[in-house]
Amino acid sequence: MARAATTTDAFNAVAEPRRREILDLLAHGERPVNDLVDELGMAQPQVSKHLRVLREVGAVDVRDAGRQRLYRLNGHALKPIHDWVKAYERSWSERFDRLDAVLEELKKEERDARDE
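Residues numbered from 1 in each chain as written. Predicted model: local features only at pLDDT ≥ 70, side-chain atom pairs only at ≥ 80, totals over all residues. Heavy atoms only, no water.

Undergrad: Can you walk me through helix α3 (residues 33-40) in this structure?
TA: Helical geometry: 3.6 residues make up each α-helical turn, so side chains three or four residues apart lie on a common side. Those residues of α3 that fall on the buried side of the exposure criterion are Val33, Leu36, Val37 and Leu40. Each buried residue of α3 lies within a common arc of 105° when the element is viewed along its axis, so the set occupies one face. The outward face of α3, more than 90 degrees from its buried face, is lined by the exposed residues Asn34, Asp38 and Glu39. Packing partners of the buried residues in α3 comprise α2 (17-26), β1 (31-32), α4 (44-56) and β3 (68-73). (Buried < 20%, exposed > 50% of the residue type's maximum accessible area, 1.4 Å probe, protein only. Helix = DSSP H or I, 4+ residues; strand = E, 2+ residues; numbered from the N terminus. Arc of directions from axis to C-beta. Contact = heavy atoms within 4.5 Å.)

What follows is the structure, given as structure tokens:
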């Protein structure tokens, strides 16, 4: 089965670790491409290629500011990922709650054994 193009949706676009790093950096505010290049230690053409993919799925917006192009995160485009992960959140929370209960029981048993 052929793999879907990275520009078809946010899931495919963020599957690449470097694009996730770019999103992490943009989560702190607008940045010009040269700042991203410096932070990531990548060549400018590589960063621009990743930004293009992120723009095509709507995860990143760009605006011109004089001679610079400033990139910013568009969190709305990442909502499908959030919604998908959220479906698992209840299961994770229930498991962590059970783990907390087991740990508390072990601590209680340990305290009781020391007090004897």
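Undergrad: Which parts of the structure should I look at to understand the nonpolar core?
TA: If you look at soluble globular proteins, the nonpolar side chains tend to sit buried side by side. The biggest cluster of nonpolar side chains holds 22 residues, and the ones touching the most others in it are Ile22, Leu36, Val47 and Leu51. Those residues in contact with Leu51, other than ones at most four positions away along the chain, are Ile22, Leu26, Val33, Leu36, Val60 and Tyr71. (Core = buried A, V, L, I, M, F, W, Y, C linked by side-chain atoms within 4.5 Å.)

Undergrad: Would you take a moment to explain α4 for this structure?
TA: Over its 13 residues, α4 runs 18 Å from end to end, which matches the ideal 18 Å to within 8%, given 1.5 Å per residue. Tucked into the core, α4 has its buried residues touching α1 (10-13), α2, α3, β2 (60-65) and β3. Gly58, located one to two residues past α4, shows a positive phi value of around 85°. (Expected span 1.5 Å × (residues − 1).)

Undergrad: Teacher, can you tell me more about the sheet that holds β2 here?
TA: Hydrogen bonds between backbone groups are what pair the strands of a sheet, and the pairing can be parallel or antiparallel. Strand order in the open sheet made by the three strands is β1-β3-β2, with antiparallel pairing throughout. Each edge of the sheet is formed by a strand with only one pairing partner; in this case those strands are β1 and β2. Contacts from α4 reach β2 and β3, with the element oriented near 115° to β2. (Pairing = 2+ DSSP bridges. Axes fitted to C-alpha atoms, helices over the stretch in contact; angles between N-to-C directions.)

Read these as layout, nothing more, since geometry by itself doesn't imply function.
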